[in-house]
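Tertiary structure, described
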Amino acid sequence: MRRVAKFAAYILILLATATLTAAQESSSIVGYSDSAAAEHRAWVEKFRALPSTDRLHEAMKHLSARPHHVGSDYDKEVAEWILAQFKAWGWDAQIEVFDALFPTPKERLVEMIAPSEVAATLQEPPVAEDPTSNQQSEQLPSYNAYSIDGDVTAPLVYVNYGIPADYEELERLGVSVEGAIVIAKYGQSWRGIKPKVAAEHGAVGCLIYSDPRDDGYFEGDAFPRGPWRPEQGVQRGSVMDMPLYPGDPLTPGVGALPDAKRLEIAEVKTLTKIPVLPISYGDAAPLLRALDGPVAPASWRGALGFTYHVGPGPAKVHLKVASSWERKPVYNVIAKIRGALYPDEWIVRGNHHDAWVNGAQDPISGMVAELEEARALGELLKQGWRPKRTIVYAAWGAEEPGLIGSTEWVEAHAEELRQKAVAYVNSDSNSRGFLAMSGSHLLEPVVNHVARDVDDPETELSIWKRLQLRRIAQADSQEERQEIRQRPHLRLGALGSGSDYTAFLDHLGIASLNLSFSGEADGGIYHSIYDDFYWYSRFGDPDFVYGRALAQTAGSVVMRLADAELLPYDFSALADTVAVYLDEVKELATSQRRDIEERNRQIDEGVFAAVTDPKRPRPLPAREEVPPHINFAPLENAVDALQAAAERYGQAVNRVHANGGKALAQGGASAINRELLQAERALATTEGLPEREWYKHQIYAPGFYTGYGVKTLPAVREAIEQKEWTQVEAGVASVAKVLEAEAALVVRVAEQLEALPHVP
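Residues numbered from 1 in each chain as written. Predicted model: local features only at pLDDT ≥ 70, side-chain atom pairs only at ≥ 80, totals over all residues. Heavy atoms only, no water.

**A short note on the overall build of the protein**
The helix and strand inventory of the protein stands at 24 helices and 18 strands. For the protein, the C-alpha radius of gyration of 26 Å lies close to 27 Å, the compact-globule estimate for 760 residues. With the C-alpha coordinates aligned to their principal axes, the bounding extent of the protein is approximately 85 × 65 × 55 Å. Pairs at least 24 residues apart make up 80% of the contacts formed inside the protein by residues separated by at least 6 positions. Split by element, the accessible area of the protein, about 28,100 Å² in all, is 50% carbon and sulfur. Computed over 76 positive and 106 negative side-chain charges, the inter-centroid distance for the protein is 2 Å. (Helix = DSSP H or I, 4+ residues; strand = E, 2+ residues; numbered from the N terminus. Rg over C-alpha atoms; globule rule 2.2 N^0.38 Å. Contact = heavy atoms within 4.5 Å. Areas by Shrake-Rupley, 256 points an atom, 1.4 Å probe, with all protein chains shown as cover. Lys, Arg positive; Asp, Glu negative; His and termini not counted. Charge placed at Lys NZ, Arg CZ, Asp CG, Glu CD.)

Next up, the structure:
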């Protein structure tokens, strides 16, 4: 039945997107009359010729010349330089300053005191060939921001990646972390999840290291010979509990302006519960080598040259963390081009400018592409182009500690953005490879159409075709390959968190995209002193051709949205995608029930008794209550309603385009666009998600135990995963309600399109 339902949904997509295919074949553009489409294409062609690889190269060299973390001297200089560029290119620009909590380390100590004494170096050495790696006086030491202060001594336990499933494996091994310091590998989840889960299991401290199997010599030559993390390389990063809320920890939900009401530090819920520090695999090796206890499962073993044991003991570790808990200025550069026809409809484009150290790849590789877009758009202004809608370009501060600059700006301007924001287009790091595109499924056709028209720098293909071929090659099944070949558009990935789109999408319900290139320039310098111009110009995108491609792609998306007569949202892609998510959560509920029933059967038959180790006595697992059958009917009915509404809307758009879109050319869609502005907002609720009300969106959210990784239909999916069966029913009702509201909005807009007068 699922295959039949999926096939029927697929046919519905083909029918509902017929207007998009027809628009391509006639060289028109969805949302544009034929006359506007011709003019738009001419301006976009001029725009794509303007981004310069030489300018990208020079801008990166300047912006990554010195460390520029939050509160540093060069952080302010970078913001002021970017401001000057915008003004020189004809933009109306200013810096908006916020004031946020940003702790920096005063004391860091990791030492093994048994069975032998070894002190961790906690220092990244400079590389002779790399001139900016030697700027020790300006470099922020390796640490995890928003770790609480602490001084603990305890046995060490190795917990693999430190995610919930790893603690289930430890339980099977008879190993407890109660009262221990855990050591976890980077990977499989956002770093802040590792101390969070460790504390929930009774640990008193946490160390996080980069294993060379994932992030070092196992993958390839280490820096400086190759791009991978060297022995003493360390990944800095925030461990703020962002699944609760991002931004300034002291001002949840409101902009961190001087007069904002602030929490006391003791009241902040997003700080860790235990002290945590990141270390290199060079510093981790003697600690791991000293562990005894069970041999680690095969999937837990890294690439260090010894047998991995879990512990606890005999290794005993002393961990000390102390920070200076101060507020620092956050500099957001905000630049605008006022819309000629619809100044109160905004297309917002952003990337952050702050870094943990020099930050050539993260974030400057994306920031310089955005700046080239802004320069090119400024050149078009001089040639007579005027966007219909206002375009806002942002260079965010303080993204690295916790998406602070963008979150505080969104919170401070929330009401205005709710009324005006059409879409937010984000990028972050960028390198050689394939187009990576994720975001709101309302925007799926826009990105696909633009990607068909942008040339890949290293092939004779479009970036769209190259991505399609890669997805076909990597597909897991013939069914998946067939869909990739035949579906009108390549699917967008869903957004969780981890970059500046979070506040726009998850908090305010503003349709958002995240665009970049990646896949052919892997390396291990993330958040280290080696993420600098020397590394990037050799391994990241040496010719800066993919920086140019990013500017061409993201800038074209901005122009497409800014100049459309009818906002080019697509509800068929949304309806199809939500139907897929519904299938997934139904299957998840079924598999959870099946797994619990099987586990209970094994307990009843005494299977677990045979694996009890007398040397490590532990109670046998208890039977679990078999969950009830979940009533998904409200959600199924809501998805059906949305699919029907999407089909009707597609037919209405097709009618408007039938005679060259003359009704659009006469401004017939201006009132309809005001209604369409609320389409993504309708997918959010005022009360937000259970136990984390800052996150309002009901279709996408970062996982409570993944951090960056997305959970779709989160109120339903996470309740199933956490076996909160009462909450599952509530989640089904909540999501069904927003989908019904979305369907009603789509029908209203379709009716308005149907009522437009036929213009011969």
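**Observations regarding the nonpolar core**
Counting 236 residues, the largest nonpolar core has Phe86 and Leu207 as the members making the most contacts within it. Broken down by element, the residue count for this core peaks at twelve residues, all from helix 24 (residues 725-755). Look past the residues within four positions of Leu207 in its chain and what remains in contact with it is Val110, Leu156, Ile181, Val182, Ile183, Ala184, Leu277, Ile279, Leu287, Val317 and Leu319. Ile29, Ala36, Ala37 and Ala564 belong to the second largest nonpolar core, which has five residues in total. (Core = buried A, V, L, I, M, F, W, Y, C linked by side-chain atoms within 4.5 Å. Buried < 20%, exposed > 50% of the residue type's maximum accessible area, 1.4 Å probe, protein only.)

**Considerations on the side chain of Glu372**
Structurally, Glu372 is set in helix 10 (residues 360-382). Among the polar contacts made by the side chain of Glu372, one reaches the main-chain amide nitrogen of Ser52 at a distance of 2.7 Å. The contact partners of Glu372, leaving out residues within four places of it in the chain, are Leu50, Pro51, Ser52, Arg55, Leu56 and Ala551. (Polar contact = N/O pair within 3.5 Å; in protein donor to acceptor, adjacent residues only side chain to side chain.)

**Quick word on the packing of helix 10 against helix 18 (residues 545-563)**
It is the contact of helix 10 with helix 18, at a shortest axis distance of 8 Å, that shows an interaxial angle of 55°. What the angle tells us is that helix 10 and helix 18 run oblique. Where helix 10 crosses over helix 18, the two elements pack in a sense that is right-handed. Together, Gly366, Ala369, Glu372, Glu373, Leu377 and Leu380 of helix 10 and Gly547, Leu550, Ala551, Ala554, Gly555 and Met559 of helix 18 make up the contact between the two elements. (Axes fitted to C-alpha atoms, helices over the stretch in contact; angles between N-to-C directions. Parallel < 35°, antiparallel > 145°, perpendicular 65-115°, else oblique. Left-handed = near helix turned anticlockwise from the far one by under 90°.)

**Thoughts on the pairing of strand 6 (residues 181-185)**
For strand 6, the tally of buried residues reaches five of five residues, placing the bulk of the element in the interior. Neither face of strand 6 is exposed, since Ile181, Ile183 and Lys185 on one face and Val182 and Ala184 on the opposite face are all buried. As paired elements, strand 6 and strand 7 (residues 205-209) share five bridges and run parallel to each other. Note that in strand 7 the partner of Ala184 across the bridge is Ile208. Read as a crossover between parallel neighbours, the route from strand 6 over helix 7 (residues 193-200) to strand 7 is right-handed. (Pairing = 2+ DSSP bridges. Right-handed = clockwise from strand over helix to strand, strands pointing away.)

**Thoughts on the pattern of salt bridges**
All chains considered together, the criterion is met by 40 salt bridges. A salt bridge links Asp215 to Arg229; its shortest N-O distance comes to 2.7 Å. A residue pair is termed long-range when its members are at least 10 positions apart, and Asp215 in helix 8 (residues 212-215) and Arg229 in the loop between helix 8 and strand 8 (237-238) qualify at 14 residues. In terms of burial, Asp215 and Arg229 fall into one category: buried. A salt bridge links Glu415 to Arg418; the shortest N-O distance between them is 2.4 Å. In this pair, Glu415 and Arg418 are both assigned in helix 12 (residues 414-420), three residues apart and thus about one turn of the helix distant. We classify Glu415 as exposed; its relative accessible area is 52%. Residues joined in a network through salt bridges with shared partners are Glu444, Glu483, Arg487, Arg491 and Asp576. (Salt bridge = Lys/Arg side-chain N within 4 Å of Asp/Glu carboxyl O.)

**A few points about the packing of aromatic side chains**
On inspection of all chains with the given rule, the structure shows 23 aromatic pairs. Relative to Phe504, the ring of Trp396 lies with its centre 6.0 Å away and its plane at 50°, an arrangement referred to as tilted. Highlighted residues: Trp396 in strand 13 (residues 389-396) and Phe504 in helix 16 (residues 502-507), separated in sequence by 108 residues. Classification of Trp396 as buried rests on a relative accessible area of 0%. Relative to Phe539, the ring of Trp535 has its centre 5.9 Å away and its plane inclined at 50°; by these criteria the two rings are tilted. One end of the pair is Trp535 and the other is Phe539, both in helix 17 (residues 533-540) and four residues apart, which spans about a single turn. The residues Trp535 and Phe539 share a single accessibility class, namely buried. Following the ring pairs from residue to residue traces out a cluster consisting of Phe86, Trp89, Trp91 and Tyr393. For the cation-ring pair, Lys46 lies above Trp43, with the distance from its terminal atom to the ring centre recorded as 4.5 Å. The positively charged end of Arg466 is found above the aromatic ring belonging to Phe434, 4.3 Å away from the centroid. (Phe/Tyr/Trp six-rings, centres within 6.5 Å; stacked < 30°, edge-to-face > 60°. Lys NZ or Arg CZ within 6 Å of the ring centre and 35° of its normal.)

**Comments concerning the environment of Lys586**
Positionally, Lys586 belongs in helix 19 (residues 571-604). Along the chain, Lys586 and Asn631 lie 45 residues apart, while their C-alpha atoms are 9.7 Å from each other. Ignoring sequence-local partners within four residues, the contact set of Lys586 consists of Phe632 and Glu636.

**So, the confidence of the model for the protein**
Across the protein, pLDDT averages 93, with 94% of residues at or above 70. Ignoring residues within four places in sequence, the model shows residues 1-26, a span with pLDDT below 50, making 36 contacts including any to other chains. (pLDDT = per-residue confidence, 0-100.)

**Re the sheet that holds strand 7**
Here we have seven strands laid out as an open sheet, ordered 3-2-10-5-6-7-9, and mixed in their pairing. With partners counted over all chains shown, the strands left at the sheet margins are strand 3 (118-119) and strand 9 (276-279), one partner each.

**A short note on the sheet that holds strand 12 (residues 342-352)**
Through backbone hydrogen bonds, the strands of a sheet pair up, either in parallel or in antiparallel fashion. The strand order 1-11-13-12-14-16-15 describes an open sheet built from seven strands, whose pairing is mixed. Looking at which strands have only one partner, the edges of the open sheet turn out to be strand 1 (92-101) and strand 15 (433-439). Here the average twist between neighbouring strands, direction ignored, is 20°. In terms of strand pairing, strand 15 meets strand 16 (residues 512-519) through seven bridges, oriented antiparallel. Residue pairing in the sheet places Phe434 in a bridge with Ser518 of strand 16. Contacts from helix 10 reach strand 11 (327-337), strand 12 and strand 13 within the one sheet, and its direction differs from that of strand 12 by about 145°.

**Remarks on the packing of helix 4 (residues 53-63) against helix 5 (residues 73-88)**
Interaxial distance between helix 4 and helix 5 falls to 11 Å at its minimum, and their mutual angle equals 150°. One finds that helix 4 runs roughly antiparallel with respect to helix 5. Residue-level inspection shows Ala59, His62 and Leu63 of helix 4 in contact with helix 5, the latter providing Tyr74, Val78, Trp81 and Ile82. Classifying every residue of the contact of helix 4 with helix 5 by side-chain character gives six nonpolar, one polar and no charged. (Nonpolar A, V, L, I, M, F, W, Y, C, P; charged D, E, K, R; others polar.)

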